[in-house]
Amino acid sequence: MTARPAQPTTAPPPFGAELRDVVVRYRRRDEAPALGGASLTVRPGTITGLLGRNGAGKTTALALLAGFRRASAGQVLVGPAGAMEDPFENPWAVMHTQLVREGGDVWGDDRAKDTLAHYADARPLWDGDLAAGLLDELEVDLRKKPDEMSRGKRSALGAVIGLASRAPLTIFDEVYLGMDAPSRYAFYDALVADYAEHPRTIVLSSHLIDEVERLFEDVVVVDRGRVLLAEPVEDVRARGVSLVGPADVVEQFVDGRRVLSRQRLGGTAQVTLFGAFDAAQRRRATDAGLELGAVAVQDLFVHLTRETGRDREAQR
Amino acid sequence: MTDLAGAGGAPRPTTEQARRAVVAAHHRRGVRATAEYMVGATWYIGVWFWAIALAVGGIIVAAQSRAGDVDVSALNGPAGSAKFFLFVMGIVLPLTLVVVHLASGGTRRSFLHGTVAGAAVVGVTFGLVAALLAWAERWLYDRLGWQTAWPHGQLYDDGSQFGLVLLVQTVFCVVYYLSGTTIALGYYRTGGWLGTALLPLALVPVALSELVLQSGFFGEAFARALGLDGTSAWLGLAGGVVAAALAVVLLHRFVRDVPLRAVD
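Residues numbered from 1 in each chain as written. Chains lettered and ligands numbered in written order. Predicted model: local features only at pLDDT ≥ 70, side-chain atom pairs only at ≥ 80, totals over all residues.

Helix and strand content of chain A: 11 helices and 13 strands. Expected size for 316 residues packed as a compact globule is a radius of gyration near 20 Å; at 22 Å, chain A falls within 12% of this value. Projected onto its principal axes, the C-alpha positions of chain A cover 80 × 45 × 35 Å. A buried classification covers 45% of the 316 residues belonging to chain A. Intrachain contacts of chain A at a sequence separation of at least 6 include 70% that bridge at least 24 residues. (Helix = DSSP H or I, 4+ residues; strand = E, 2+ residues; numbered from the N terminus. Rg over C-alpha atoms; globule rule 2.2 N^0.38 Å. Buried ≥ 20, exposed ≤ 12 C-beta atoms within 10 Å, placed from the backbone. Contact = placed C-beta atoms within 7 Å.)

This part covers the overall build of chain B. What chain B contains, in helices and strands, is nine helices and two strands. Beginning at the N terminus, the succession of helices and strands in chain B can be written as β-β-α-α-α-α-α-α-α-α-α. If one aligns the C-alpha atoms of chain B with their principal axes, the spans along those axes are about 85 × 50 × 40 Å. Out of the 264 residues in chain B, the part that is buried amounts to 43%. Long-range contacts, defined here as pairs at least 24 residues apart, represent 77% of the contacts in chain B between residues at least 6 apart.

Quick look at the pairing of strand β9 (residues 226-232) of chain A now. Residues and elements named next belong to chain A. In the sheet, strand β8 (residues 218-223) pairs with β9 via six bridges, with the strands oriented antiparallel. Within β9, the position partnered with V219 by the bridge is E231. Taking the residues that link successive antiparallel strands as the turn, the β8-β9 hairpin has two residues, and the phi of R224 there is positive, at about 50 degrees. (Pairing = 2+ DSSP bridges.)

Residue and element names in this part refer to chain A. If you trace the six strands from one edge of the open sheet to the other, you get β5-β6-β7-β3-β8-β9, paired in mixed fashion. With partners counted over all chains shown, the strands left at the sheet margins are β5 (97-100) and β9, one partner each. The mean inter-strand angle of the sheet, taken between neighbouring strand axes irrespective of direction, is 15 degrees. Sheet strands in contact with helix α5 (residues 151-164) are β5 and β6 (169-173), and its direction is about 170 degrees off that of β5. (Axes fitted to C-alpha atoms, helices over the stretch in contact; angles between N-to-C directions.)

What follows covers the interface of chain B and chain A. Contact with chain B, which involves 26 residues of that partner, is made by 28 residues of chain A. Among the secondary structure elements, those contributing two or more residues to the side of chain B that touches chain A are α1 (15-67), α3 (82-103) and α4 (108-144) of chain B. Looking at the side of chain B that touches chain A residue by residue, the classes come out as 12 nonpolar, eight polar and six charged. (Nonpolar A, V, L, I, M, F, W, Y, C, P; charged D, E, K, R; others polar.)

Turning to the packing of helix α5 (residues 162-197) of chain B against helix α9 (residues 233-255) of chain B, a few remarks are in order. When two helices pack together, their arrangement is given by the angle between the helix axes and by the axis-to-axis distance. Residue and element names in this part refer to chain B. Axis separation between α5 and α9 bottoms out at 9 Å; the angle between their running directions is 20 degrees. It follows from the interaxial angle that α5 and α9 lie roughly parallel. With respect to the hand of their crossing, α5 and α9 are arranged in left-handed fashion. Residues L164, L167, V171, V174, V175, L178, S179, T181, T182, L185, G186 and R189 of α5 touch α9, and the partners they reach there are A233, L237, G240, V241, A243, A244, A247, V248, L250, L251, F254 and V255. Residue composition of the contact of α5 with α9, grouped by class: 18 nonpolar, five polar and one charged. (Parallel < 35°, antiparallel > 145°, perpendicular 65-115°, else oblique. Left-handed = near helix turned anticlockwise from the far one by under 90°.)

A few words now on the packing of helix α3 (residues 112-122) of chain A against α1 of chain B. Axis separation between α3 of chain A and α1 of chain B bottoms out at 10 Å; the angle between their running directions is 155 degrees. Classified by the angle between their axes, α3 of chain A and α1 of chain B sit roughly antiparallel to one another. The residues of α1 of chain B that touch α3 of chain A, namely those facing H118, D121 and A122 of chain A, are R29, G30 and A33 of chain B. Across the contact of α3 of chain A with α1 of chain B, the residue classes break down as two nonpolar, two polar and two charged.

With that out of the way, let us pick up unusual backbone geometry. All names here are of chain A. Positive phi values are uncommon outside glycine, yet E174 reaches one of about 50 degrees. Along the polypeptide, E174 turns up in the loop between β6 and α6 (181-197). Assessed through the 21 C-beta atoms surrounding it within 10 Å, E174 is described here as buried. At R224, a residue that is not glycine, the phi angle is positive and equals roughly 50 degrees. Tracing the backbone shows R224 in the loop between β8 and β9.

Residue and element names in this part refer to chain B. On average, chain B scores 87 in pLDDT, and the residues at 70 or more come to 92%. Per-element mean pLDDT across chain B ranges from 39 in strand β1 (residues 2-4) up to 96 in helix α6 (residues 199-202). Segment residues 1-9 is flagged for pLDDT under 50; beyond a separation of four residues in sequence, or across chains, it makes 12 contacts in the model. The complex prediction reports pTM at 0.89, with the ipTM value standing at 0.88. (pLDDT = per-residue confidence, 0-100.)

Note: α-helices contain 3.6 residues per turn, so residues at a spacing of three or four share the same orientation. Taking 1.5 Å per residue as the helical rise, α4 of chain B with its 37 residues ought to reach 54 Å, and the 53 Å between its terminal C-alpha atoms agrees with that figure. Backbone geometry just after α4 of chain B places G145 of chain B at a positive phi near 75 degrees. (Expected span 1.5 Å × (residues − 1).)

What follows deals with the sheet that holds strand β4 (residues 73-79) of chain A. Residue and element names in this part refer to chain A. If you trace the three strands from one edge of the open sheet to the other, you get β2-β1-β4, paired in antiparallel fashion. One side of each edge strand has no neighbouring strand; the edge strands of this open sheet are β2 (35-42) and β4. Shown here is a sheet whose adjacent strand axes are inclined to one another by a mean of 10 degrees, direction ignored. Note: strand β1 (residues 16-24) against β4, six bridges, orientation antiparallel. Note that in β4 the partner of E18 across the bridge is L77.

This part covers the nonpolar core. Ranked by internal contacts, the top residues of the largest apolar core, which has 151 residues, are V160 of chain A together with L86, V175 and Y177 of chain B. No other element matches α5 of chain B, which puts 16 residues into this core. Both of domain 1 (16-235) and domain 2 (236-315) of chain A provide at least three residues apiece to this core. When residues no more than four places from it in sequence are discounted, the contact partners of V160 of chain A are A131, L134, L135, L138 and V140 of chain A. (Core = buried A, V, L, I, M, F, W, Y, C linked by C-beta atoms within 7 Å. Domains from an automatic or database assignment.)

Across its 36 residues, α5 of chain B extends only 39 Å between first and last C-alpha, which sits more than 12% below the 52 Å expected from 1.5 Å per residue. Where α5 of chain B bends most, at G191 of chain B, the angle is about 135 degrees. (Bend = angle between axes of the 7 residues up to and from the residue.)

Below, the discussion takes up the domain arrangement of chain A. Residues and elements named next belong to chain A. Under the domain assignment, chain A is made up of domain 1 (16-235) and domain 2 (236-315). Here domain 1 and domain 2 have C-alpha centroids that lie 32 Å from each other. Listed as interface residues are 15 residues of domain 1 and, on the opposing side, nine residues of domain 2. Here the side of domain 1 that touches domain 2 is composed, by residue class, of seven nonpolar, no polar and eight charged.

Bridging between β1 of chain A and β2 of chain A involves six bridges; their strand directions are antiparallel. When the sheet's bridge partners are listed, V23 of chain A is paired in β2 of chain A with G36 of chain A.

Listed below in structure tokens is the structure:
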């Protein structure tokens, strides 16, 4: 047997990604397309959170970026800044893009080590040492068949594939479903450590927003096939404000604003308000003895996606 | 187009050249991995197929010799059914492979090339085993003085025509394997109803190969009905190659833009 073609050793710069007015219909007569004119930009070299309710179009958007399917209309681009290309059947783009879906896209009937050997051979920047260390940490037995593994272990195998691929665009779509909390946190830590050491672009799609929002630099919120917002996480957090202090004082500052969440313990209250506070309002609140904080991404996400749902109901 | 490296003046690959080389190497890896998977997985089970075929042949010979009169080929049936085994393997294997292949950065193009290469290797190796068994049976029967007739008209008379048996069985195996793959991907991309509606189209290469290679009940009768039963062996083989090429074209139509399904 002849030697396999040599793998390149230098990594291209981190990839960015763009959707421009993208429409995806699974059936021609679908009234509600999976994506209906979605536009978003993923900046190269960032960790971007892709958030959305079930059926919002997240998985479809990610499948487009990885060249898993074609858009019905619009433009899909991935690649280094200034050299972005359509990924569909584009070997350069797809060899540097790793999408890990729930379940991992593995051979269920073969031992896990066979799948891993395939990815190691196929992925030009594969790091075998990283894979071995993570498998050990996440306690994944490579002698087992993925179909015989628990859901969490199978997810962990997918997570390892995603990290060890070192792809300039690495995408995790709900990859940690079924993983227990220690495994999830081990995965997050490994992700951040490896990202710091080998900068690349990472897109995380998750429903566990509270858990992963600390990782995000940018956030994209998708709802019913459209992009509601795509911006740096600090801008997202600045879309609202959290106030903590004496309940009666807090209520004075609510003053007709939209309340995203409200908690009360004895005489102390915490409210999360939609809408930014300007400098004067912040000073007044601080002077009144209130503590100001940023809004949690999850609160804002719930608010935004509920609001569009209500808008649509009203339009009907 | 090359850049010249400063002082030494030695040609240095441009970024575009380097990229082309990396992409070409990646394509070769994808083709090779696909072909190896197809060949390895087929033979992994294929060993059992041939073991069973031999066992069935042995039982037939034993039963006939006990009855005192061996006059039927014991291996023509089992060995000739290799194409049906490969048809099933062609249906089963690509569905597990195509997802992992694309998810690991492969393209549909490298999947197609690897599948065709794998089908060629599987076809030749299965054809070789079939021809060897037919030849060995003929040799054994001749030594024992047994006379047999092939049950149905074919391009060859018996296993002594080793080369012709090899070519005919190879073409059959390649066509059936690729048609099975086409059917599997047809169902994968279009679903149950349309996949079923497309079955006749995917089976056209199979029907053509049966017709020109005049095999079994169907092929022989069909060839006779169309007045093709007198076709020369080489013309028949040429028709078989056309059937294989048609199978490749159909597979390409099904694979070239197949979307990966969402995970259930």
